[in-house]
Amino acid sequence: MYIYIHIPFCNCICSYCDFCKMLYNKKYINDYLDSLEKEIKSRYKGELIRSIYIGGGTPSSLSLNELERLFNIIKIFNIDNDYEFTIECNVDSLSIDMIKLFSKNKVNRVSLGVQSFNQDILKILNRNHTYEEVYKVINNLKNNNINNINIDLMYGVTNNIDIVKQDIDYFLNLDIPHISCYSLIIEDNTILSINNYKNIDEDIEYEMYKYIENKLTSKGYIHYEISNYAKEGYKSIHNINYWNNGYYYGFGLGSVSYIDDYRITNTRNINKYNKCLFISDKEYEDINIRMSNDMILGLRKIEGISISEFFDKYKKDIREVFSIDDLLKDNILIIDNDKMYINSKYIYLSNDILLRFLDIVN
Ligand code: SF4
């Protein structure tokens, strides 16, 4: 089983962010951790845990004492010998003492929200760090035996492709095994959208995507999901479970669980959450929804979907469930032995392609 835990607090608010988050406020945290503990104790049934992912928000915005409390809560989980334990951090809040606390508490993967190394881009995103600070934090992690490190990088903030090229060079200098590269999406109700910030030219954005893909794969990174690249042995076990449409628990404000074919969504209202009114929605997913999700999520992986595994799960042939003849004829979708995947030429456009699989044919 897989566990996601949401820590909704941040030290400052990024201009593009539409996640479930709020400014760090000490008065909420103790109650929040109390409720989180109650939620976990009331729902977790003792399953063996393959992966824990603490995300946010910014988990590293918590104080050392608060993090220690969180790690004590997590001791309830029955963790597999071969496990992945990730925590999301921001560079400016990740101290040496915090890293030592992570090591002591079985954290073996850190994901850093970096987005860019360019000061003009960081200003637009309302983030604040320098390359030297990122480099130092990464060295500190490595010196404490946390070598499985990801950074999130954002492209398409401005039309300047040279900045993207420079950011990728900076990333390569860090010598870490994983990167997630996302293009800027201007979501409603974010600071950028309120300020009427405009999307960049689509052709330039595509050029950036191809540049990143070519450069990273030429340096030995495996492109394994639309936005994710890893060195051999460092693909994110936790995220692969999402793309396999596997079950997982989500604990904490605004988090989502997928258990026994129910999609359970937690409240985004901290007052309700702190009164232990955790769940805001619970929906059963019938076989058609499940097959659609397998297709839509599975085709995000570059290796695609296993036709035989789909058959074992649903007793149906995936080629007959979805209308894919045109996509196969046009070489947009490829079947190679047991695998069905999107042609790499079209993977950048995959969101449009994947939407078609909301419809089940048979
Ligand atoms: S992007 Fe991350 S750090 Fe920035 S406001 Fe959103 S949750 Fe907080």
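The present account deals with the structure reproduced in this document. (Residues numbered from 1 in each chain as written. Predicted model: local features only at pLDDT ≥ 70, side-chain atom pairs only at ≥ 80, totals over all residues. Heavy atoms only, no water.)

### What to know about the overall build of the chain
Of the regular secondary structure elements, the chain holds 15 helices and 17 strands. Its C-alpha atoms put the chain at 60 × 50 × 40 Å along the principal axes. Put simply, the chain has 362 residues, and 51% of those count as buried. If you take every contact in the chain between residues at least 6 apart in sequence, the share linking residues at least 24 apart comes to 69%. Accessible surface, the chain: about 17,100 Å² in total, of which carbon and sulfur atoms supply 46%. Placing the 41 positive and 51 negative side-chain charges of the chain at their respective mean positions leaves the two points 5 Å apart. (Helix = DSSP H or I, 4+ residues; strand = E, 2+ residues; numbered from the N terminus. Buried < 20%, exposed > 50% of the residue type's maximum accessible area, 1.4 Å probe, protein only. Contact = heavy atoms within 4.5 Å. Areas by Shrake-Rupley, 256 points an atom, 1.4 Å probe, with all protein chains shown as cover. Lys, Arg positive; Asp, Glu negative; His and termini not counted. Charge placed at Lys NZ, Arg CZ, Asp CG, Glu CD.)

### Some words on the packing of aromatic side chains
Centre-to-centre distance and the angle between the planes together describe a pair of aromatic rings. Per the counting criterion, the structure on display carries 23 aromatic pairs. Relative to Y53, the ring of Y4 lies with its centre 6.1 Å away and its plane at 25°, an arrangement referred to as stacked. Linking Y4 in strand β1 (residues 2-7) with Y53 in strand β4 (residues 48-56), this pair joins segments that are 49 residues apart in sequence. Here Y249 and F251 contribute two aromatic rings whose centre-to-centre distance is 5.2 Å and whose plane-to-plane angle is 15°, an arrangement assigned as stacked. For the pair Y249 and F251, one class covers both residues: buried. (Phe/Tyr/Trp six-rings, centres within 6.5 Å; stacked < 30°, edge-to-face > 60°.)

### Overview of the site of the ligand
Around the ligand, a shell composed of C10, C12, I13, C14, Y16, C17, F19, K21, G57, T58, N90 and R127 is seen. Per-class residue counts for the shell around the ligand are seven nonpolar, three polar and two charged. (Near = heavy atom within 4 Å. Nonpolar A, V, L, I, M, F, W, Y, C, P; charged D, E, K, R; others polar.)

### Topic: the side chain of N293
Relative to the assigned elements, N293 resides in helix α11 (residues 287-298). Residue class for N293 comes out buried when judged on its relative accessible area of 18%. With residues near it in sequence (within four places) discarded, N293 still touches N245, R263, E285 and G298.

### Regarding the nonpolar core
Residues I5, F77, F102, L112, I151 and F357 are the most contacted members of the largest nonpolar core, which totals 91 residues. Ignoring sequence-local partners within four residues, the contact set of F102 consists of L67, F71, I87, C89, L94, V107, V110 and I146. (Core = buried A, V, L, I, M, F, W, Y, C linked by side-chain atoms within 4.5 Å.)

### With respect to the pattern of salt bridges
Tallied over the entire structure, the rule returns 15 salt bridges. Where R69 meets E37, a salt bridge forms, and the shortest distance between an N and an O atom there is 2.9 Å. Of the two residues, R69 sits in helix α2 (residues 64-74) while E37 sits in helix α1 (residues 26-43), which places them 32 residues apart along the sequence. The closest approach of N and O atoms between R290 and D261, which form a salt bridge, is 3.4 Å. Pair noted here: R290 is in helix α11 and D261 is in the loop between β12 (256-259) and β13 (262-266), with a separation of 29 residues, a long-range link. In this pair, the class of R290 matches that of D261, namely buried. Three or more residues joined by partner-sharing salt bridges are found here, namely D34, E37, K41 and R69. (Salt bridge = Lys/Arg side-chain N within 4 Å of Asp/Glu carboxyl O.)

### A short note on the sheet that holds strand β14 (residues 279-284)
Judged by pairing direction, the sheet is antiparallel, and its three strands sit side by side in the order β12-β13-β14 without closing on themselves. A strand with exactly one partner marks an edge of an open sheet, and here the two such strands are β12 and β14. When strand polarity is set aside, the average angle formed by the axes of neighbouring strands in this sheet is 15°. (Pairing = 2+ DSSP bridges. Axes fitted to C-alpha atoms, helices over the stretch in contact; angles between N-to-C directions.)

### Notes on the packing of α1 against α2
Across the interface, α1 lies against α2 with an axial gap of 10 Å and an inter-helix angle of 5°. One finds that α1 runs roughly parallel with respect to α2. Between α1 and α2, the contacting residues are K26, I29, N30, L33, D34, L36, E37 and I40 on the first element and E66, R69, L70 and I73 on the second. Across the contact of α1 with α2, the residue classes tally to six nonpolar, one polar and five charged. (Parallel < 35°, antiparallel > 145°, perpendicular 65-115°, else oblique.)

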